[in-house]
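This is what each chain is made of:
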Amino acid sequence: MKRGAWGVIAVVIALAGLGIFSVQRLEGSAPILVTDEKVVLGPKGWNLIIDLEDHDSGPRSLQVRLLDQSGSRSLAEKSFPGGSLAGGDSEASRQHFELHLDPADLRVPDGTATLVISARDWSWRDGFAGNRSELSIPVLVDTRPPQVALVSGLTYIKRGGSAAAVYRLGEATAQDGVRVDDIFYPGFPHPSGEEDLRVALFAVPVEASEQPSIRVVAVDSAGNEGQVRFPARVQQRIFQQSEIEIGEPFVERVATPLAHTAGLPEGDPAETFQGVNEILRGRNETTIREELAKAPLGDRRWTGAFRQLPGSAVMSRFAELRNYSLAGQPVSQARHYGFDLASTAHAPITAAAAGRVVFAEDLGIYGLCVLVDHGLGLSSLYAHLSEIDVEPGDDIEGGAILGHSGATGLAGGDHLHFAVLVGGTYVNPMEWWDPKWVRSHIDVRLKPPRS
Ligand SMILES: [Zn+2]
């Protein structure tokens, strides 16, 4: 073949190559933009995350604009490496971009706005400007705390006791309730059904500070927190202490099997008892809080006072501090957050009030244990049973038989360990057994308020 022919072939190949190249550079697929579906600008601002991808020509530029009543302004502009001839760098086909939006810096008023995010690639389309993508994101600017108005008045609360707060909200909230020191008690719709009216049962824990801070708080979806001080007088109480001498046979018979099941040290009797009384107890308390927090009942199931186990004698009172010793040596300490009630052995155990069974199984130191949710954050616990006759999810009436008494778990003999909880706090059951207290402290607050 002549040299001229080779030249023609070279030109044809070159033109073909250029043609393919041009077609590639004229690709029409726009950059892919992924970002938040909506932006809620509260007091803490919002971290906007944008992911940009373009695998044909590569990302070229990104622009973020804010549109509000005052007009449109650019918040960020970014260009990515590349050139018109060859396109973007192959390693730069994915871009990650973050932009912190602060309502104070942006001086954007409360209300709605729009973020317009646009991107271009290095394609030759659109007169070499590139393919364009655009997203419009709705923005809610909310920097005002929700309004909370107290409905219930001054309340006297005993340390270790319960109370109810009734309040009205000015807007829908993400979370509202009562905060005692740093413990939060969620609010629920008020039983009257009145819109925006809420009720929260709360407690002054035995361990609360001397004069605990008690506040009704409401947090909206933007993170604004509104709060009002709850007018309360906390009445101090002295809790009993008791000295309990445990023998080695008790440790061997009762504590060692519990330690064994829980994978705790078992050998030295003092260490065994300590592990069960402190580490296992701690784990069991965590389980109780978790079970109660899973799906708390928002409607009130109980009416009037709780019923004490029929025919039972009180053996041990609420929040007594127990000091345990072994062969005269102190080994462990624990506060007893319930009532020990003794009846006949294997006595039927009845529910203190109506509710829903949330837990019914073996639970370490509590042995066979039943937890009943009575609604609005109020629940009761029945421990050391020999037999359980209910299942989680069972809706029960007050007085329903939950099982039979026994001595399972960390118990010396057949008795019922009974406890009442408000939120995750053990409270004194005496109040809930007292019809007068329930009427004057709780029932009045669950009736429709006088306007
Ligand atoms: Zn007990």
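Residues numbered from 1 in each chain as written. Predicted model: local features only at pLDDT ≥ 70, side-chain atom pairs only at ≥ 80, totals over all residues.

Asks: What exactly am I supposed to notice about unusual backbone geometry here?
Replies: The general pattern is negative phi for most residues beyond glycine and trans for most peptide bonds. For Ala 319, which is not glycine, the phi torsion reads 60° and is therefore positive. Relative to the assigned elements, Ala 319 resides in the loop between β22 (313-316) and β23 (320-326). (Helix = DSSP H or I, 4+ residues; strand = E, 2+ residues; numbered from the N terminus.)

Asks: Would you mind showing me how to read the sheet that holds strand β32 (residues 401-404) here?
Replies: Strands pair in a sheet through their backbones, by hydrogen bonds, and they do so in one of two ways: parallel or antiparallel. Taken together, the three strands give an open sheet; going across it, the order is β26-β32-β30, and neighbouring strands pair in antiparallel fashion. The open sheet terminates on both sides in strands that have one partner only, identified here as β26 (348-350) and β30 (387-388). (Pairing = 2+ DSSP bridges.)

Asks: Could you clarify how one ought to interpret the domain arrangement of the chain in this entry?
Replies: You'll often see interface size given as the accessible area lost when the parts meet. According to the domain assignment, the chain consists of domain 1 (29-141), domain 2 (148-235) and domain 3 (241-427). Centre-to-centre separation of domain 2 and domain 3, based on C-alpha positions: 28 Å. Contact residues are listed per partner, giving 15 residues for domain 2 and twelve residues for domain 3. Elements with a contribution of two residues or more to the side of domain 2 that touches domain 3: β15 (183-186), β16 (188-189) and β17 (197-203). Here the element with the most residues in the side of domain 2 that touches domain 3 is β17; it accounts for four residues. Of the residues assigned to the side of domain 2 that touches domain 3, the class counts are twelve nonpolar, three polar and no charged. (Domains from an automatic or database assignment. Contact = placed C-beta atoms within 7 Å. Nonpolar A, V, L, I, M, F, W, Y, C, P; charged D, E, K, R; others polar.)

Asks: Would you mind going over the nonpolar core with me for this structure?
Replies: Across soluble globular proteins, nonpolar side chains have a tendency to be buried as a group. Ala 165, Phe 202, Cys 369, Val 370 and Tyr 382 are the most contacted members of the largest nonpolar core, which totals 83 residues. Taken domain by domain, this core gets at least three of its residues from each of domain 2 (148-235) and domain 3 (241-427). Formed by 18 residues, the second largest nonpolar core is a distinct cluster that contains Leu 41, Leu 66, Val 108 and Ile 117. (Core = buried A, V, L, I, M, F, W, Y, C linked by C-beta atoms within 7 Å. Buried ≥ 20, exposed ≤ 12 C-beta atoms within 10 Å, placed from the backbone.)

Asks: I keep staring at helix α7 (residues 435-446) and nothing clicks. Help me out?
Replies: Side chains that are three or four residues apart share a direction in an α-helix, a result of its 3.6 residues per turn. Considered for burial, the residues of α7 that qualify are Val 438, Ile 442 and Arg 445. Buried residues of α7, seen end-on, are gathered within an arc of 100° and therefore sit on one face of the element. Residues of α7 that are exposed and point more than 90 degrees away from the buried face comprise Pro 435, Lys 436, Arg 439 and Ser 440. Against β13 (162-169), β17 and α6 (429-433) lie the buried residues of α7. (Arc of directions from axis to C-beta.)

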